[in-house]
Amino acid sequence: MKSISWNVCGLGSPRTVRRLRHFLKQHNPQMVFLMETKVNKQCMEKVRRSCGFLNGIDVAAKGFRGGLCLAWKGEILVTLRSFSRSHTDVMVKEENDKEEWRFTGFYGSLYVKDKEESWNLLRKLGRDQRHPWLVSGDFNEIMYSFEKKGGLAREERRMEAFKKTLEECQLEDLGYTGAWFTWERGNLPKTNIRERLDRGVANDKWRNLFPSGNIQHLIHTMSDYCPLLLNSKTGNTYVGRPRFKFEAWWIMEDSLEGIIKTSWETSASTLMEKLEKLQSNLKEWYATPRRKRNNISRLELDGGGEVTEEDKISKAAKTFFQKLFSSKGVGELSHLLTGIDGNITPEMNADLMRKFTKEEVLLALKGMGLTKALRPDGFPALFFQQYWHIVGKEVTSFCLGCLNSGKTLGRFNATDIVLIPKIQNPKNLANFRPISLCTVIYKLVAKTIANRLQGVIGQCIDVAQSTFVPGRLISDNILIAYELLHTFTRKRTGKKGLMAVKLDMSKAYDRVE
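Residue positions within a chain follow its written sequence, with the count starting from 1. Whole-chain, interface and lining totals are the exception, using all residues; otherwise, since this is a predicted model, local features are given only for residues with pLDDT of at least 70 and side-chain atom pairs are given and counted only at 80 or more. Neither water nor hydrogens contribute to the side-chain values; these are computed over all heavy atoms in the structure.

### Considering the overall build of the protein chain
- Counting its regular elements, the protein chain contains 16 helices and 20 strands.
- Burial statistics for the protein chain: of 513 residues in total, 43% are counted as buried.
- Contacts are residue-level and defined by heavy atoms, with any inter-residue pair within 4.5 Å sufficient. For the protein chain, long-range pairs separated by at least 24 residues make up 63% of all intrachain contacts whose partners lie at least 6 apart in sequence. By definition, any uninterrupted DSSP run of H or I lasting at least four residues is a helix, any uninterrupted run of E lasting at least two residues is a strand, and each is numbered from the N terminus. When a residue's accessible area, from a 1.4 Å probe over protein chains only, is under 20% of the maximum for its type it is buried; when over 50% it is exposed; and in between it is partly exposed.

### Some words on the pairing of strand β2 (residues 31-35)
- Across the 5 residues of β2, 5 count as buried, placing the element largely inside the fold.
- Residues Met31, Phe33 and Met35 point to one face of β2 and Val32 and Leu34 to the other, with burial holding for every one of them.
- Whether two strands pair depends on DSSP finding at least two bridges between them. Pairing geometry for strand β1 (residues 2-7) and β2, over 5 bridges, is parallel. Within β2, the residue paired with serine 3 across the bridge is methionine 31.

### Quick look at empty space enclosed by the protein
- Cavities and pockets are found on a 1 Å grid laid over the protein atoms alone: a cavity is a set of points where a 1.4 Å probe fits but cannot escape, a pocket is an open set with protein on both sides within 12 Å along at least five of seven lines, and a lining residue has an atom within 4 Å of such a point. Grid points are joined across faces, edges and corners, and a volume is the space filled by probe spheres set on the points. As enumerated under the stated definition, the model contains 3 cavities of 30 Å³ or more in all.
- Within this model, the largest cavity holds a volume of roughly 50 Å³.
- Counting residues per element, the ones that place at least two in the lining of the largest cavity are α1 (14-27), β2, α2 (41-50) and β4 (68-72).
- Side-chain classes are defined by residue name, with Ala, Val, Leu, Ile, Met, Phe, Trp, Tyr, Cys and Pro counting as nonpolar, Asp, Glu, Lys and Arg as charged, and the others, Gly among them, as polar. Residue classes in the lining of the largest cavity are distributed as 9 nonpolar, no polar and 1 charged.

### Focus: the side chain of arginine 199
- Mapped onto the elements, arginine 199 comes out in strand β14 (residues 198-202).
- Classification of arginine 199 as buried rests on a relative accessible area of 0%.
- A polar atom in the side chain of arginine 199 sits 2.8 Å from the side chain of glutamate 147.
- Counted as a polar contact is a pair of N or O atoms within 3.5 Å, where, for protein atoms, one must be capable of donating a hydrogen and the other of accepting one, and residues adjacent in sequence contribute only when both atoms are in side chains. One polar contact links arginine 199 to aspartate 173, side chain to side chain, over a distance of 2.7 Å.

### Some points on the sheet that holds strand β10 (residues 172-173)
- If you walk across this open sheet you meet the 6 strands as β5-β6-β7-β8-β14-β10, and the pairing is mixed. Each of the sheet's edge strands pairs with one partner strand only, and the pair in question is β5 (76-83) and β10.
- When strand β6 (residues 87-94) meets strand β7 (residues 101-107), the two strands line up antiparallel, connected through 6 bridges. Opposite methionine 91, over in β7, you have arginine 102 as the bridge partner.

### As for the packing of aromatic side chains
- Aromatic rings from Phe, Tyr and Trp, with only the six-membered ring used for Trp, were paired whenever their centres fell within 6.5 Å, and each pair was classed as stacked if the ring planes differed by under 30 degrees, edge-to-face if by over 60, and tilted otherwise. Throughout the structure, instances matching the rule amount to 6 aromatic pairs.
- Pairing phenylalanine 33 with phenylalanine 103 gives two aromatic rings, centres 6.4 Å apart and planes at 75°, and the pair type is edge-to-face. Within this pair, whereas phenylalanine 33 is found in strand β2, its partner phenylalanine 103 is found in strand β7, the two being separated by 70 residues in sequence.
- By relative accessible area, phenylalanine 33 is classed as buried at 1%.

### A word on the pattern of salt bridges
- Throughout this description, the term salt bridge denotes a Lys or Arg side-chain nitrogen within 4 Å of a carboxyl oxygen of Asp or Glu. One pass over the structure, following the stated rule, counts 24 salt bridges.
- Residue glutamate 141 is joined to arginine 154 by a salt bridge in which the shortest nitrogen-to-oxygen separation is 2.4 Å. Taken together, the residues glutamate 141 in the loop between β8 (133-138) and β9 (148-149) and arginine 154 in the loop between β9 and α4 (156-168) connect sequence positions 13 residues apart.
- Since its relative accessible area comes to 14%, arginine 154 is described here as buried.
- Note that glutamate 172 and arginine 207 form a salt bridge whose closest N and O atoms lie 3.8 Å from each other. You can see glutamate 172 sitting in strand β10 and its partner arginine 207 sitting in helix α5 (residues 204-209), a full 35 residues away along the chain.
- We classify glutamate 172 as partly exposed; its relative accessible area is 36%.
- Salt bridges linked by common partners bring Arg81, Asp89, Arg102, Asp128 and Arg130 together as one network.

### Thoughts on the nonpolar core
- The set of buried Ala, Val, Leu, Ile, Met, Phe, Trp, Tyr and Cys residues whose side-chain atoms join them within 4.5 Å is what this entry labels a nonpolar core. Within the largest apolar cluster, 21 residues are counted, with the highest numbers of intra-cluster contacts made by Met31, Leu70, Trp101 and Phe103.
- Those elements giving two or more residues to this core turn out to be β2, β3 (55-59), β4, β5, β6 and β7.
- The residues contacting phenylalanine 103, other than those within four sequence positions of it, are Ser5, Met31, Phe33, Leu70, Thr88, Asp89, Val90, Val92, Leu134 and Ser136.
- Counting residues in each nonpolar core, the second largest holds 19 residues, with Ala364, Leu365, Phe398 and Leu400 among its members.

### Here's the deal with the packing of helix α11 (residues 358-366) against helix α14 (residues 440-460)
- Think of each axis as a best-fit line through the C-alpha atoms, taken over the contacting stretch in the case of a helix, with angles from 0 to 180 degrees between the N-to-C directions. Contact pair α11 / α14: the axes reach a minimum separation of 9 Å and the direction vectors enclose 105°. Overall, the two elements α11 and α14 adopt an arrangement that is roughly perpendicular. The residues of α14 that touch α11, namely those facing Glu360, Val361, Leu363, Ala364 and Leu365, are Leu444, Lys447, Thr448, Asn451 and Arg452.
- Within the contact of α11 with α14, the residues separate by chemical class into 5 nonpolar, 2 polar and 3 charged. An angle counts as roughly parallel when it lies under 35 degrees, as roughly antiparallel when it exceeds 145, as roughly perpendicular when it falls between 65 and 115, and as oblique in every other case.

### Description of the side chain of arginine 48
- With respect to the secondary-structure elements, arginine 48 resides in helix α2.
- Reaching out from arginine 48, the side chain makes a polar contact with the backbone oxygen of leucine 54 at a distance of 3.0 Å.
- In this structure, arginine 48 is in contact with Phe53, Leu54, Asn55, Gly56, Asp58, Cys69 and Ala71, ignoring residues within four places of it in sequence.

### Regarding the pairing of β1
- When you tally the buried positions in β1, you get 6 out of 6 residues, the bulk of the element.
- Both faces of β1 are covered, namely the face carrying Lys2, Ile4 and Trp6 and the face carrying Ser3, Ser5 and Asn7.
- With the strands pointing away from the viewer, any crossover whose connection runs clockwise from the first strand over the helix to the second is right-handed. What joins β1 to β2 is α1, and the crossover it makes is right-handed.

### Observations regarding a nonpolar patch on the surface
- Together, Val330, Leu333 and Leu336 make up an exposed nonpolar region whose accessible area comes to about 280 Å².
- Mapping valine 330 onto the fold places it in the loop between α9 (310-324) and α10 (346-353).
- With relative accessibility at 48%, the residue valine 330 sits in the partly exposed group. Patch construction takes residues with relative accessible area above 30% that form no salt bridge. Like charges are linked within 9 Å, and nonpolar side chains (Val, Leu, Ile, Met, Phe, Trp, Tyr) are linked within 5 Å. Accessibility throughout is a Shrake-Rupley quantity obtained with a 1.4 Å probe, and a residue counts as covered only by protein chains that appear here.

### Quick word on the confidence of the model for the protein chain
- The pLDDT score gives, residue by residue, the confidence of the prediction method on a 0 to 100 scale. With 75% of its residues at a pLDDT of 70 or more, the protein chain shows a mean pLDDT of 76.
- Per-residue pLDDT stays below 50 along residues 219-224; that stretch engages in 26 contacts with residues further than four places along the chain or on separate chains.
- Ignoring residues within four places in sequence, the model shows residues 281-289, a span with pLDDT below 50, making 16 contacts including any to other chains.

If you want it as C-alpha cells, here you go:
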C-alpha cells in the first residue's frame, strides 16, 4: 500500500487545491494524511472529495492553526481508534493481507512549551504494542543536529527528549530516500533554514510485516514542506533529485538496503567490491570549486626541480609519504622503560581483557561523526545509523568477531590519505597536512577499543600532558606560553637570561619515529 503524509500549509486557496489534486493523481496513494489544512470540516470534506477520496476523517482547524485530514480509498478498510487536534489513530486492513496493522498520523506541536504535551500523547498511544504500528507525519522536531542546516543550533535536551520518547514507544526511524530536508524557509543564505521535521517511524512488528517498506521525501513546489511517501509493498516509484550535494549517496543505481542485506552473507572482499561500485556514483558530487582550487597542478621535489605531469606528481607524493610513514629502525628501546612503575592494576587489566559486547559497538556508532569522511567505502556513519534495524545484527557480529577473536578486518582497513593545504597554492608536500580517512567498519572497531581504554588512559598519561585525556585541553598550553612571554617582557634586571624553544609539533606527529 502507498500512503502520503504531508504538511500542506493551508488548503484555503483554489490554486493550492488544484496542485494537491494533481499531485495525488500523479502518485495515486491509497491513503493520505494531511496536516495544517487550516480549514473547517466542511471545507476539508469538499477538498477531499474533489481529490477522489470519499472516505475520510477530518479534524477542523482552530482558527487559522492546525487541522488534520486522514483520507483513504475503498480498497482498504480503516477503523478509527482515536483522534485529536494532534493525531489520528486507526487500524488498517488491506484486501489481500490477513493481518491488520495500526497507523497513526501525528502532528507535533510547533511551540517549545507544548513539546512535552506532544510527547506525552505519543507515549500514551505507545502503550498498546499488540499490533504492527506505523507512525508518520510532522513531528516538528529533529533527532540529530545534522538534520538542521542554518539558523540557531537546536538544544540538545530537545533532541534527547524526542529520541527518548521514540525509544519508550519502541519506534525506530524507517530511513528514507530522496530529499534530505523536509522543510525550508527563506531564499537568502543568511535566512535559509532547512530541517528534517517529517519522518516515518515503526515498531518491530510493522517492519517485519513490511520488510520492503520504504520512506521517500518527495520534492514538490506546493509549499515549503516536502510530502512523505510510504510504499509498504513495491518499494520506490519516484525519487526526487536531491538539492544538496551530500545527499547524493542516498540516490544510487542499486538498492543500498539490498546490497547491505545480502553482502554480509558473502566474503568481505565481495562486499568491498560492491561498495566501491556504489562509491563511483558519488564522484560527480565531489567536484566542488574548493576542490578545484586545491588541485595540485605542480610540485617541487626535495632534490630540486619541478614536476607538472599527473603521473609524476602521484609518484613523488607516494615516495614522500612512504619515507614519512616507514620506520628506519631505532634499535632496542626496552631500557627506556626501566624504573617506570606500572599504572594498570590487575582489576583494570581484567576489565580491559573481557569480551566486547554488542552494546559497546552500538555506543561507538552513536558517538561517531555521522556525515564525516565518505572515503574509501563511500558511506558515512549516518547510513549505518539509519539502517541499523536492517544491518545492525550483521555489523555487530562482524565487529565482535574482529574484536574478540583477532579476526582480520581484511579490505575494511583500507585507508585514503587526503592532503589538506596549509597555505594557498601549495607547491611542496611539506605544505600539506595529511589526514587518514578510514572505512566506517574500521572506525567502528577502533572507536569501540578506544572507548574501553578511555576509562584507564588518564592514569597512564602524565599530568603534564594536556591532550588525549578527557578534561585536559591542548589550549592550556597557550596560557602557559603567554605566562612565559609575560615573564620575559617583565624581566629588567639580572645577568641571567631566559630562552624559549619552539618545537615544530606537526613534524613530530607526522612521523612514525
